[in-house]
Amino acid sequence: MFKFPFLSLKKQNRASLEGPQFVAHDQHALERRQFQTVLESYHATRIEQRLKILDIFLSTEQHITLSDLEYIIREKDPELLDRSFLKETMEMFCQFGFARKMTFDGQHNHYEHKHLGAHHDHFICTRCGYIQEFVNQGLEQLQLKIARDFQFHPLQHKMEIYGLCAKCMEQRATTLPLLLAANGEEVCIVALEGGKGLQARLASMGLTIGTKLEVINNHASGPFIVAVNETRLALGVDMAQKILVTHECKHPRV
């Protein structure tokens, strides 16, 4: 067993020096020393190279994929480019508690910093993949209260809220073809294009102007599935293209 040489930033009175930027830099230096201690304790190979990768990883506050990391390293230190070595090192970061691997629906694995004593949750945009961290102490306290009500002792948790970010919403028209609606989105039919035959077919399926529905599956691999009340319907691409909808969030709920 080994112990990290944990140094308290509070004891060093860093907060009174140069503000958040200095504290972040000092925190990174502390984590670098701790990681080096762990590597040496395990007699790891290529320690200096792994420390350089840690420096690059800590230099970005974004959630990054392995491909993102390769791109950054290609710009900063191309001699470190070795995908298998990068993947192995990132797994070590996670194993030793310096990073966290996040698996979001429909996306590649992302890595983020794991700062001791800090917890946050995530908003994930299903359109562009943007990931936004957020912290809400009221929510944290509510989760603890619910756990107590069920006589459950929580050890860790994560919350992932999927939807559309503000930028994606701003770029979208108020009315759009159903085919372009996102998975999980609730929409309302406002117009039907195509001839009377198509409209009659849609009406037989319960899809008329004013109908509210939820997009269940809108992946390229298909099929296109929507739900109307408690009924699931499979639609062809051409059909989904001719159904015009508006976002449920754009008009009041009935």
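Here, the structure is the one placed above.
Residues numbered from 1 in each chain as written. Predicted model: local features only at pLDDT ≥ 70, side-chain atom pairs only at ≥ 80, totals over all residues. Heavy atoms only, no water.

This part is about unusual backbone geometry. Peptide bonds are mostly trans, and most non-glycine residues show a negative phi. At R46, a residue that is not glycine, the phi angle is positive and equals roughly 50°. In this structure, R46 sits in the loop between helix 1 (19-41) and helix 2 (47-58). (Helix = DSSP H or I, 4+ residues; strand = E, 2+ residues; numbered from the N terminus.)

The next point concerns the pattern of salt bridges. For the coordinates displayed, the defined rule picks out six salt bridges. In this structure, D55 and R32 form a salt bridge, with 2.8 Å as the shortest nitrogen-oxygen distance. Here R32 lies in helix 1 and D55 lies in helix 2, a separation of 23 residues in the sequence. When the shortest N-O distance is used, the salt bridge between R83 and E70 registers 2.4 Å. (Salt bridge = Lys/Arg side-chain N within 4 Å of Asp/Glu carboxyl O.)

As a further point, take a nonpolar patch on the surface. On the surface, L142, I146, F150 and F152 cluster together to form a nonpolar patch covering roughly 460 Å² of accessible area. Positionally, L142 belongs in helix 5 (residues 137-149). (Patch = residues over 30% accessible without salt bridge, like charges linked within 9 Å, V, L, I, M, F, W, Y side chains within 5 Å. Areas by Shrake-Rupley, 256 points an atom, 1.4 Å probe, with all protein chains shown as cover.)

What follows concerns the sheet that holds strand 4 (residues 131-134). Pairing within the open sheet is mixed, and its three strands lie in the order 4-3-5. Only two strands of the sheet have a single partner each, and these edge strands are strand 4 and strand 5 (160-163). Neighbour-to-neighbour, the strand axes of this sheet turn through a mean angle of 20°, independent of strand direction. Sheet topology places strand 3 (residues 121-125) next to strand 5; four bridges connect them, and they run parallel. Bridge pairing in strand 5 places F123 opposite I161. (Pairing = 2+ DSSP bridges. Axes fitted to C-alpha atoms, helices over the stretch in contact; angles between N-to-C directions.)

Turning our attention to the side chain of D121. With respect to the element layout, D121 can be found in strand 3. One buried charge, D121, has no salt-bridge partner; the nearest side chain with opposite charge is R100, at 9.2 Å. Only 3.0 Å separates the side chain of D121 from the backbone nitrogen of M159, close enough to count as a polar contact. (Buried < 20%, exposed > 50% of the residue type's maximum accessible area, 1.4 Å probe, protein only. Lys, Arg positive; Asp, Glu negative; His and termini not counted. Polar contact = N/O pair within 3.5 Å; in protein donor to acceptor, adjacent residues only side chain to side chain.)

A separate point is the nonpolar core. Core analysis: the biggest nonpolar cluster contains 26 residues, and F35, L39, I53, F57, L69 and F93 have the highest contact counts within it. Counting residues per element, the ones that place at least two in this core are helix 1, helix 2, helix 3 (66-76) and helix 4 (83-95). Broken down by element, this core gets its largest block of residues, seven residues, from helix 2. Non-local contacts of L69, meaning those with residues more than four positions away in its chain, are made with I53, I56, I64, L86 and M90. Ranked by size, the runner-up nonpolar core spans 20 residues in total, among them I189, F224, L235 and A240. (Core = buried A, V, L, I, M, F, W, Y, C linked by side-chain atoms within 4.5 Å. Contact = heavy atoms within 4.5 Å.)

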